[in-house]
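Inside the fold
Each chain, written out:
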Amino acid sequence: MAAAGDGPWLDDAAGRLVRPFTVSNGRTRPTVALDLISQVMATGATPLGYLGPEHTEALDLCRAHVSVAEVAAHLKLPAAVTKVLLSDLVDCGALTTKPPEFHHNPTDRALLEAVLDGLRRQL
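Residues numbered from 1 in each chain as written. Predicted model: local features only at pLDDT ≥ 70, side-chain atom pairs only at ≥ 80, totals over all residues. Heavy atoms only, no water.

- The name recorded for the chain in an unreviewed UniProt entry is DUF742 domain-containing protein, from Streptomyces cupreus.

Written out as structure tokens, the structure is:
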């Protein structure tokens, strides 16, 4: 079992010891409209108030434009929880968001297969 402060609390048999709904304080809806391919980036502003360790880790991941799906994968959290965390950071001015730029048809089979391949490599 990992010691407190060593990243996410994990137990080899049980998995994450802190359940995802506790990370978002039981909230299930973000205050900002985000989808999995929305891009987020740190603004450099120092957030006011308390940030949990997951907020801090998410902010560190957003030093360059990154998608919500990528942040969720790195945090090993469900997308719904990640959206709540990211919306908290947008609300306090620490993150900015922009819609994705499509250079292709978003329902193009080749594009969807490339996304699936990328996700499989991350797992």
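Back to the text.
1. Focus on the overall build of the chain
- When its secondary structure is counted, the chain shows five helices and five strands.
- Going from the N terminus to the C terminus, the chain shows its helices and strands as β-β-α-β-α-β-α-α-β-α.
- Counting every position in the chain, which comprises 123 residues, the buried fraction comes to 28%.
- Looking at the chain alone, contacts between residues at least 24 apart form 66% of all its contacts between residues at least 6 apart.
- Split by element, the accessible area of the chain, about 8,100 Å² in all, is 58% carbon and sulfur. (Helix = DSSP H or I, 4+ residues; strand = E, 2+ residues; numbered from the N terminus. Buried < 20%, exposed > 50% of the residue type's maximum accessible area, 1.4 Å probe, protein only. Contact = heavy atoms within 4.5 Å. Areas by Shrake-Rupley, 256 points an atom, 1.4 Å probe, with all protein chains shown as cover.)

2. Digging into the nonpolar core
- Membership of the largest hydrophobic core comes to 18 residues, with the highest contact counts inside it found for Val 40, Cys 62, Val 71, Leu 86, Leu 89 and Leu 95.
- Sorting the residues of this core by element identifies helix 2 (53-61), helix 3 (68-75) and helix 4 (79-91) as the ones contributing at least two each.
- Sort the elements by how many residues they give to this core and helix 4 lands first, with five residues.
- Sequence-distant contacts of Leu 86, that is, excluding residues within four places in its chain, are made with Leu 34, Val 40, Ala 58, Cys 62, Val 68, Val 71 and Leu 95. (Core = buried A, V, L, I, M, F, W, Y, C linked by side-chain atoms within 4.5 Å.)

3. Digging into the sheet that holds strand 3 (residues 39-42)
- Pairing is antiparallel in the open sheet, where three strands are placed in the order 4-3-5. Single-partner strands in this sheet number two, and they are strand 4 (66-67) and strand 5 (95-98).
- Inspection of the sheet shows strand 3 paired to strand 5 by four bridges, in the antiparallel sense. The residue bridging Ala 42 from the neighbouring strand is Leu 95, located in strand 5. (Pairing = 2+ DSSP bridges.)

4. Quick notes on the packing of helix 2 against helix 4
- Put simply, helix 2 and helix 4 touch, their axes get as near as 10 Å, and they point 75 degrees apart. The pairing of helix 2 with helix 4 is recorded here as roughly perpendicular in orientation. Two secondary-structure elements touch here, helix 2 through Glu 54, His 55, Ala 58 and Leu 59 and helix 4 through Leu 85, Leu 86, Asp 88 and Leu 89.
- The residue makeup of the contact of helix 2 with helix 4, split by class, is five nonpolar, one polar and two charged. (Axes fitted to C-alpha atoms, helices over the stretch in contact; angles between N-to-C directions. Parallel < 35°, antiparallel > 145°, perpendicular 65-115°, else oblique. Nonpolar A, V, L, I, M, F, W, Y, C, P; charged D, E, K, R; others polar.)

5. Focus: the pairing of strand 3
- Pairing geometry for strand 3 and strand 4, over two bridges, is antiparallel. Its bridge partner being in strand 4, Gln 39 is matched across the sheet by Ser 67.

6. Some remarks on helix 4
- Its 13 residues give helix 4 an end-to-end C-alpha distance of 18 Å, which sits within 8% of 18 Å, the value for a rise of 1.5 Å per residue.
- Counting buried positions along helix 4 gives ten out of 13 residues, so the element sits mostly inside the fold.
- Residues Val 81, Thr 82, Lys 83, Val 84, Leu 85, Leu 86, Ser 87, Asp 88, Leu 89 and Val 90 constitute the buried set of helix 4. (Expected span 1.5 Å × (residues − 1).)

7. With respect to the pattern of salt bridges
- This structure, assessed with the given rule, holds two salt bridges.
- Close ionic contact of Arg 63 with Asp 60 constitutes a salt bridge, the shortest N to O distance being 3.5 Å.
- A salt bridge links Glu 113 to Arg 109, with the nearest nitrogen and oxygen atoms 2.9 Å apart. With a gap of four residues between them, Glu 113 and Arg 109 both fall in helix 5 (residues 109-122), about one helical turn apart. (Salt bridge = Lys/Arg side-chain N within 4 Å of Asp/Glu carboxyl O.)

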